[in-house]
Amino acid sequence: MQIPSEMTVVEISEYGGPEVLKPATAPVPRPGPGQILVRIAYAGVNRPDALQRAGNYAPPPDASPLPGLEASGHVAAIGDGVTRWSVGDAVAALLPGGGYAEYAVTDADHALPVPDGMSMDRAAALCETFFTVWTNVFMRGGLKAGERFLVHGGSSGIGTVAIQLAALHGARVFTTAGSVSKCQSCLDLGADQALNYREADFVEVLRAEGGADLILDMVGGPYIARNLDALADDGRLVQIAFLQGPEVELNMTQVMTRRLTITGSTLRPQSPAAKTAIARALETEVWPHLASGRIGPVMDSEYALADASEAHARMESSAHIGKIVLKVA
Ligand SMILES: NC(=O)c1ccc[n+]([C@@H]2O[C@H](COP(=O)([O-])OP(=O)(O)OC[C@H]3O[C@@H](n4cnc5c(N)ncnc54)[C@H](OP(=O)(O)O)[C@@H]3O)[C@@H](O)[C@H]2O)c1
């Protein structure tokens, strides 16, 4: 495979709105020891890309400054010590950044095979959400069969995966979303109840059911106190974002008296070993279900790489359901 020295990318020309995403050229990165170079077919678009674009989510020091945390494509080159992959292999890859480009490097252990029969556009939409949901809902949150699970933002990229994986593992799934049609999509994915948060009070509904054993929340702000109210005794709250802000005043009494757990995590700064552990668990526990078609990414829309600004505008309009991808090759 001939690898050029330069490639087309979309860069963050300055911090700001979607319009600051601009096509540019950059050197093709070279894989270091333990890394692979991926020739990207499609790149996934995620909310953290918009945070980075706005100047609110700096990439780790050793990562590409380009946005893009996941992609599908083919291995174009391998670094020293990589035995798992060969040039030409089709992969779905978690990236430390740099996905809005024709080529990106990542740790060889953070790529997974494209599930049998899955198209490359769908494969690009897997890693960021499946890694995040797996580590937060199952590894950190310890969700078990029969438990009541609430995920806010059920129609988001993250929410659509959380609903499917929790239902697959036998949980009773409750979710919130901002419209009737979004709620219907959540029910179609396997949620037992989908609450339009503009009309229904999730605290009331969950408490009537005995409380949530686990809540996955991306909203924060005023939802934090309400989430504690909605938890069952011994319930766990896992925080993965703060769309309505991280700063709150809380009465912590019920954390003590009802033995609640508040935790959270963010994927990108985790160690390579931690991401490898998530990848191995996903390959065993989840990838077979993607290959069988029992679960899958929910695809909203596709844009050309050069139109990444339009993709961000759609994501930030919150009109989408599921995942947005960029066609690169
Ligand atoms: N911790 C981690 O490792 C990690 C990794 C990836 C993503 N995340 C976070 O997880 C969240 C979802 O990511 P995504 O890529 O799936 O994003 P997404 O598809 O854009 O989903 C965000 C959803 O949140 C809802 N929303 C937007 N603004 C809101 C607000 N102010 N209050 C309440 N709800 C709001 C919208 O649905 P409605 O119309 O229903 O309101 C929207 O669909 C993001 O906040 C992202 O930063 C965290």
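Here, the structure is the one placed above.
The structure contained in this document is the topic of the report that follows.

Conventions and cut-offs
- Residues numbered from 1 in each chain as written.
- Predicted model: local features only at pLDDT ≥ 70, side-chain atom pairs only at ≥ 80, totals over all residues.
- Heavy atoms only, no water.
- Helix = DSSP H or I, 4+ residues; strand = E, 2+ residues; numbered from the N terminus.
- Buried < 20%, exposed > 50% of the residue type's maximum accessible area, 1.4 Å probe, protein only.
- Areas by Shrake-Rupley, 256 points an atom, 1.4 Å probe, with all protein chains shown as cover.
- Lys, Arg positive; Asp, Glu negative; His and termini not counted.
- Charge placed at Lys NZ, Arg CZ, Asp CG, Glu CD.
- Phe/Tyr/Trp six-rings, centres within 6.5 Å; stacked < 30°, edge-to-face > 60°.
- Polar contact = N/O pair within 3.5 Å; in protein donor to acceptor, adjacent residues only side chain to side chain.
- Contact = heavy atoms within 4.5 Å.
- Salt bridge = Lys/Arg side-chain N within 4 Å of Asp/Glu carboxyl O.
- Arc of directions from axis to C-beta.
- Core = buried A, V, L, I, M, F, W, Y, C linked by side-chain atoms within 4.5 Å.
- Domains from an automatic or database assignment.

Some remarks on the overall build of the protein chain
A count of helices and strands for the protein chain gives 11 helices and 15 strands. A principal-axis box enclosing the C-alpha atoms of the protein chain has dimensions of 60 × 40 × 35 Å. Evaluated residue by residue, the protein chain yields a buried proportion of 54% over its 329 residues. If you sum the accessible surface of the protein chain, you get close to 13,300 Å²; carbon and sulfur atoms cover 51% of it. For the protein chain, the centre of its 25 positive side-chain charges and the centre of its 36 negative side-chain charges are spaced 3 Å apart.

Some remarks on the packing of aromatic side chains
What the rule picks out here adds up to 3 aromatic pairs. For the pair Trp134 and Phe138, a centre-to-centre distance of 4.6 Å together with 25° between the ring planes defines the contact as stacked. Of this pair, Trp134 and Phe138 are both found in helix α3 (residues 127-140), 4 residues apart, which corresponds to roughly one turn of the helix. Taken as a pair, Trp134 and Phe138 share a single burial class, namely buried.

Notes on the side chain of Thr132
Within the element layout of this structure, Thr132 appears in helix α3. Residue class for Thr132 comes out buried when judged on its relative accessible area of 9%. Reaching out from Thr132, the side chain makes a polar contact with the backbone oxygen of Glu128 at a distance of 2.6 Å. Here Thr132 is in contact with Cys127, Ile158, Ile240 and Leu267, once residues within four sequence places are set aside.

Considering the pattern of salt bridges
Think of it this way: side chains of opposite charge can pair up when their charged atoms draw near. In this structure the tally under the stated criterion is 10 salt bridges. Its salt-bridge partner being Arg53, residue Glu316 comes within 2.7 Å of it at the nearest N-O pair. Placement of the pair is Glu316 in helix α11 (residues 308-317) and Arg53 in helix α1 (residues 47-53), with a sequence separation of 263 residues. Relative accessible area serves as the criterion here: at 34%, Glu316 is assigned to the partly exposed category. Its relative accessible area of 3% is what places Arg53 among the buried residues. Arg226 serves as the salt-bridge partner of Asp201, at 3.1 Å between the closest nitrogen and oxygen. Taken together, the residues Asp201 in the loop between β10 (193-196) and α6 (202-208) and Arg226 in helix α7 (residues 223-230) connect sequence positions 25 residues apart. Residue Asp201 is classed as partly exposed on the basis of its relative accessible area, which comes to 29%.

Brief notes about α11
For α11, the complete set of buried residues consists of Ala308, Ala311, His312 and Met315. Projection of α11 onto a plane perpendicular to its axis shows the buried side chains occupying an angular sector of 100°, all on one side. Taken together, the buried residues of α11 touch β1 (6-12), β2 (21-27), β3 (35-45), α1, β14 (299-304) and β15 (323-327). A positive backbone phi angle near 60° is found at Ser318, which sits one or two residues after α11.

Topic: the nonpolar core
Formed by 68 residues in total, the largest nonpolar core has its most connected members in Phe130, Phe131, Phe149, Leu165, Leu216 and Val286. Counting contributing residues per domain, this core is built from domain 1 (6-126 + 289-327) and domain 2 (130-264), each supplying no fewer than three. When neighbours within four sequence positions are excluded, Val286 is seen to be in contact with Phe130, Trp134, Leu165, Ala281 and Ile295. Counting residues in hydrophobic clusters, the runner-up holds 29 residues, among them Val10, Ala50, Ala93 and Leu326.

Geometric descriptors of this kind do not, in isolation, establish any biological role.
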